Amino acid sequence: MKNHPSTVVRELDDPTDRRGFLGKLGKVALLGAAGTIVTQPLSVTGQTDEPALDVSENHSNNNGRAREALRIRRKAAEDQYDATSSHLQHPTNGDEQQYSNRIGNYSKGMPHDGNGEVSPAAYSALLEAVRTGDSEDYDAIPLGGARRFTSPQAGLAFDMEGGDSHSFVQLAPPKFNSREIAAEIAENYWAALLRDVPFTDYSSNPIAITAAADLTQFGTAFKGPKDANGNVTPALLLRGHTPGDRVGPWLSQFWYMPCFFGANEVNQRIRTVLGVGNGGQDYMTDFSTWLNIQRGAQPATGLNYDPVRRYMRNGRDIGEWVHIDVLFQGYFQAFLCLAGSGAPLDPGNPYISPNPSSVNQDGFATFGGPHLATILCEVSTRALHAVWYQKWQVHRRLRPEVFAARVHQTLNTGRSYPVHADILTSISNSTRLGRYLTPGNALLPMAFPEGSPTHPAYGAGHATVAGACATILKAWFNESYLIANPVVPDFSGTTLLPYSGPALSIGGELNKIASNVAIGRNIAGVHWRSDATESLKLGEAVALSILKDQKATYNEAFRGFSLTKFDGTTVTI
């Protein structure tokens, strides 16, 4: 990951006097909503004997203000430019060059032959558009069906704040023939098999126990969390690596805490879909359907919705949540939960005692609730531009549903794709994946009828936005503050039960909700573990660059936000 604008690494002591976030912001918000905005003439500082200036006159003649605005904008742009090496390189895994038939790259929505391999002319049209960057060339990429490509030019947009989309670098994803991608697809298979198992049951569930043992056999090629002995355990399945991911329930407390959007109470129960064996189903489990979907056909079947609203408790629930969410929705909900609970702000906030502004002022448009609520949306747009550049202009990584089909064809149809032998061994072994997959069928069971979206896998949009928004929230709140009265859903998702276990902190649960969303997309079958892991870092880098640019714009005496990054290091912006 490229280094971004310099940060000071240090710990901040807890302040001795903090006000709760709701007290600081809710009261001011209510007064602002109920009161009348009064505009008074502006006076020139230090010239009390002069008549007050008309507002419009003051603005039109205030060249000093205009020059300072220009200086700040120039300085931010120059800093971002200086932080981007003129020799910046974006590494790829080389699959596009190694396989002339493009079997290792994204091609969904283009014309495909009967084996699911993309039309060479169509893929060449995509590469030509990437080479030229011309809008007309993107318009000329052939479609294979009714579904259209998703925003292939978004990564070419410029931003006026934070690092340019092209200035962020992601590591190359695993190669098509690598043992690591074999381990990743094995995890995708197990995630599909575990969709209807409550996370609380993993430690005793036979599928989860077998999954942990199977993934352990991939050794260092499997990059998920492991215990001190290097083993994957059922309790660690489908968790992330961030501080907080291993602590407590699989799902974050922000899915369950009281949540108020102004006067509206947000019901934390969701509309989910029925599980397999209970009136629901998985999708794209026969080759004909899979092929039609790759060609861009609309799915022939829809989802079977559960008539009961439930608290999320298993992979199918989080999979459906990430299917239709507004991309920054989970973190906006987390903000509402924290604001409503009176969670303390980061001690660097200028309106927190003993900072000078806390004596007679409250934050609102800066360092207050409206500022935070809107920046979560603002940072999301930048995160999407950055990750969309990685998707379309750099990596063009294939989706898990396609890799699994290559495995299926290699095992069952006589075709020979260069997939690693370890995944073939697992599927062929009755004590590993072969025990649970349907004999003769190694297609990946998908949670969505349409399978993946019509854009490449790497990086992951959900994970990048998760990384960006969680970073903003960690900058804003005191991460060490403990969540009061944590809960966990029962097996049915209809009741919340008291949680008993290690204490859960704001920082840990923000990390966890980011991982929940990122890995929830993997559970649905549309992303890889490396998509999630590396895209959280990408989103974090985007957010840090924006916080740095914004810091220079404030009038308050502001010493910077402190936060813990996903790798556990502490920075102050």
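Refer to the structure printed above.
Residues numbered from 1 in each chain as written. Predicted model: local features only at pLDDT ≥ 70, side-chain atom pairs only at ≥ 80, totals over all residues. Heavy atoms only, no water.

J.: With reference to specific residues and values, describe unusual backbone geometry.
T.: In this model, Ser 353 is joined to Pro 354 through a cis peptide bond whose omega is 15 degrees. You can see Pro 354 is positioned in the loop between α11 (329–341) and α12 (369–395). One non-glycine residue, Met 284, adopts positive backbone phi at about 60 degrees. For Met 284, the location among the structural elements is in the loop between β2 (264–265) and α9 (287–294). (Helix = DSSP H or I, 4+ residues; strand = E, 2+ residues; numbered from the N terminus.)

J.: Outline α11, listing residues and values.
T.: The first and last C-alpha atoms of α11 sit 18 Å apart over 13 residues, in line with the 18 Å expected at 1.5 Å per residue. Counting buried residues in α11 gives 10 out of 13 residues, a clear majority hidden from the surface. Along α11, the residues that are buried comprise Gly 330, Tyr 331, Phe 332, Gln 333, Ala 334, Phe 335, Leu 336, Cys 337, Leu 338 and Ala 339. Immediately downstream of α11, the backbone of Gly 342 shows phi near 75 degrees, a positive value. (Expected span 1.5 Å × (residues − 1). Buried < 20%, exposed > 50% of the residue type's maximum accessible area, 1.4 Å probe, protein only.)

J.: Give a description of the pattern of salt bridges that names residues and reports values.
T.: Close approach of charged atoms lets side chains of opposite charge pair. In this structure the tally under the stated criterion is 21 salt bridges. Two residues, Glu 117 and Arg 415, come together in a salt bridge whose shortest N-O distance is 3.1 Å. With a gap of 298 residues between them, Glu 117 in the loop between α4 (95–98) and α5 (120–132) and Arg 415 in the loop between α13 (400–412) and α14 (421–428) connect regions that are remote in the sequence. The class for Arg 415 is partly exposed, based on a relative accessible area of 31%. Its salt-bridge partner being Arg 529, residue Glu 187 comes within 2.8 Å of it at the nearest N-O pair. With Glu 187 in helix α7 (residues 179–193) and Arg 529 in helix α17 (residues 529–551), the pair connects residues that are 342 residues apart, well separated along the chain. Looking at Arg 529, the relative accessible area reads 4%, which means it is buried. Each of Arg 195, Asp 196, Asp 282 and Arg 316 takes part in a single network of salt bridges with overlapping partners. (Salt bridge = Lys/Arg side-chain N within 4 Å of Asp/Glu carboxyl O.)

J.: For the packing of aromatic side chains, give the residues involved together with the corresponding values.
T.: Inspection of the entire model under this criterion finds 21 aromatic pairs. Here Phe 149 and Trp 392 contribute two aromatic rings whose centre-to-centre distance is 6.2 Å and whose plane-to-plane angle is 75 degrees, an arrangement assigned as edge-to-face. With Phe 149 in the loop between α6 (135–139) and α7 and Trp 392 in helix α12, the pair connects residues that are 243 residues apart, well separated along the chain. Accessibility expressed as a relative area gives 1% for Trp 392, which makes it buried. Feature note: the residues Tyr 351, Phe 367, Trp 476, Tyr 554, Phe 558 and Phe 561 constitute an aromatic cluster, connected by ring pairs. The positively charged end of Lys 391 is found above the aromatic ring belonging to Trp 388, 5.0 Å away from the centroid. (Phe/Tyr/Trp six-rings, centres within 6.5 Å; stacked < 30°, edge-to-face > 60°. Lys NZ or Arg CZ within 6 Å of the ring centre and 35° of its normal.)

Read these as spatial facts, not as claims about activity.
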